Amino acid sequence: MKEISRRNLFRKATVGGAAVILGSTAGVSQAATAKNSVKDVHADVVVVGAGCAGLVAAIRAKDLGANVVVLEKADRPDGNAIYALGTLNAWGTKHQKASGFKDSREAFYDDMMKVSAGRADPKLTATYTDNIAEAVDWLQDSCGVKFGKLSMTPWPRLARGHRVEGKGLTGGGALIQQLLKVAHEKKIPFYFEHKAVKLLTGSKGEVIGVRALTDDGYVNFYAKGGVLLSTGGFSANPEMTDKYIGGWASRLAIRGSRNTTGENVSLALPLFAKMVNMDQFHAGPIVSETHVNPADVLNSMHGIIVDLRGNRFMDEKNTYVIKAKDCAQKTIENKAFAIVDSTCPVLGKVLPKFDRLHNPYGKADTIEELANQVNLPPEALKASVDAYNKAIDNKTLNQLVPPCSYPKPVKIEKGPFYAVPYEGGMTATFGGPLINSKAEVQTNEGKTIPGLYAAGNAAGGLFFRDYIGGSQLGGAAVFGTIAAREMTARAKKSK
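Undergrad: Got a minute to help me understand the packing of aromatic side chains in this structure?
TA: To describe a pair of aromatic rings, one takes the distance between the centres and the angle between the planes. Enumeration according to the criterion identifies 10 aromatic pairs in this entry. Ring geometry for F108 versus Y128: centroids 5.9 Å apart, planes at 15°, classification stacked. With F108 in helix α5 (residues 105–115) and Y128 in helix α6 (residues 122–141), this pair connects stretches of sequence that are 20 residues apart. Accessibility classification places F108 together with Y128 in one group, the buried group. Summarising the aromatic geometry, the rings of F190 and F192 are spaced 5.8 Å apart at their centres and angled 20° between planes, so their arrangement reads as stacked. The same class applies to F190 and to F192, which are both buried. An aromatic cluster is present here, built from F430, F463 and Y467 joined pairwise through their rings. Lying across the ring of W138, R60 places its NZ or CZ 4.1 Å from the centre.

Undergrad: Please clarify how the nonpolar core should be interpreted in this entry.
TA: Note on soluble globular proteins: their nonpolar side chains tend to be buried together. In this structure, V46, L139, F190, F221, L452 and F479 are the most contacted members of the largest nonpolar core, which totals 105 residues. The element best represented in this core is helix α15 (residues 471–494), accounting for nine residues. If sequence neighbours within four positions are ignored, F221 has contacts with V41, V46, V69, L71, Y191, H194, L200, I208, G209, V210 and A212. Within the second largest apolar cluster, 22 residues are counted, among which are F337, I339, C404 and Y406.

Undergrad: How should I be thinking about a nonpolar patch on the surface in this particular structure?
TA: A cluster of nonpolar side chains, namely V197, L213 and Y218, defines an oily patch on the protein surface of about 260 Å² accessible area. One can find L213 in strand β8 (residues 207–214). The exposure class of L213 is partly exposed, given its relative accessible area of 35%.

Undergrad: Looking at this structure, how should I read the layout of surface pockets?
TA: Think of a ball as big as a water molecule: rolled over the atoms, this probe shows where empty space is left. Its boundaries defined by the atoms lining it, the second largest pocket holds a volume of some 410 Å³. Counting residues per element, the ones that place at least two in the lining of the second largest pocket are β14 (336–341) and β16 (417–429). In terms of residues, the lining of the second largest pocket owes the most to one element, β16, which gives three residues. Here the lining of the second largest pocket is composed, by residue class, of 10 nonpolar, seven polar and three charged.

About the thresholds
Residues numbered from 1 in each chain as written. Predicted model: local features only at pLDDT ≥ 70, side-chain atom pairs only at ≥ 80, totals over all residues. Heavy atoms only, no water. Phe/Tyr/Trp six-rings, centres within 6.5 Å; stacked < 30°, edge-to-face > 60°. Helix = DSSP H or I, 4+ residues; strand = E, 2+ residues; numbered from the N terminus. Buried < 20%, exposed > 50% of the residue type's maximum accessible area, 1.4 Å probe, protein only. Lys NZ or Arg CZ within 6 Å of the ring centre and 35° of its normal. Core = buried A, V, L, I, M, F, W, Y, C linked by side-chain atoms within 4.5 Å. Contact = heavy atoms within 4.5 Å. Patch = residues over 30% accessible without salt bridge, like charges linked within 9 Å, V, L, I, M, F, W, Y side chains within 5 Å. Areas by Shrake-Rupley, 256 points an atom, 1.4 Å probe, with all protein chains shown as cover. Salt bridge = Lys/Arg side-chain N within 4 Å of Asp/Glu carboxyl O. 1 Å grid on protein atoms, 1.4 Å probe; cavity = no way out; pocket = protein on both sides within 12 Å on 5 of 7 lines; lining within 4 Å. Points joined across faces, edges and corners; volume = space filled by probe spheres on them. Nonpolar A, V, L, I, M, F, W, Y, C, P; charged D, E, K, R; others polar.

Next up, the structure:
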């Protein structure tokens, strides 16, 4: 229900609205009708995908004097960004300096590398670190993006979270809406319902354009400066998640867009692009039917996690990312419940979301009644709760199977008791064609594929294992900007 309402809200805000350009602007309506007659379109820069990276690149390239077109396979922008909270992880911005928080390049870079266990590409991480302040300031000063008060990133709990003000939308949705408004003002043509199916190459293997499939046939888009893949990852493609991550991953619920189906891989692989970190992704809890997110309960360090048989199956100290992955890996249904009592400090924050979206959860004065409410075996659930409470009394939590590593465990004993449902969900994949610091796609031999660029979740190399909250939108802004500069310069050289 939440996913639907977000989409409807976004559609309502876009169709016919001044902020968006589905059919209300001259540039886009020309593009929409041109598919009936035009077979070839020529431009300096072709952007594939109208997400954060693609929109930033299109606007930046236009500002640099390039003739830009944007292709989008859906009938409107529908990437992961519109489902995101809308935070950009940054340091050294005007916003951060005004807050009085002191930060440094070294600390920021070190934290970015640390969260990836040192496996992120050092050069890409340095490029992000050195360019993120300018990217955020540009969004604020040149695009009119409004950021709220700086928020603490979940880790390392520093004032680096630049959250876009949503005003009824998600922060990510508001960001995309504002970028679309700017693109409309700059008369950048968009070709919706144009699915990129093949990269076009020249006699030396350089990328000279892309072929798109429409309801009326194929259209070739030629680019003097290059083609940018900003299509997102492959989280909504079960064949790819099964192939690159494992069958269990294809059972994860989708937390973002159902249109992120792996064109970053399918388009670049025929050109022998080097694919990296293909088994890596970000996960989190979700309830797929309503899209409600119970992460705060899972992070509260209260209660236990049980499967549909009422049995514990993980160490509850783990982060919500691990709890999401464990749910899919260790339960065949990919469904579980967090069992907490009234002392859980985040219930007042989380349960109103469930109520607002009419998402069921359990609430009862006894564990047995709670079990009956959510269709768990009462005896099994009572045994799991009793074993946990007894282990706290005996200081033997580490001897439970599986062990529990809470540093300050709290017993489940004060009613009412709650059963909060969740599923493991996939937020976004990290893998894709490796890029260099110029956003150029690389081959397995370490060479650049001339004319081919990637940014955002379509590119590989920047993330591994996990990321600091806000880094995905931050990376999209940084490498979208860099790609625009490189493609525009390349186009000018070709004239």
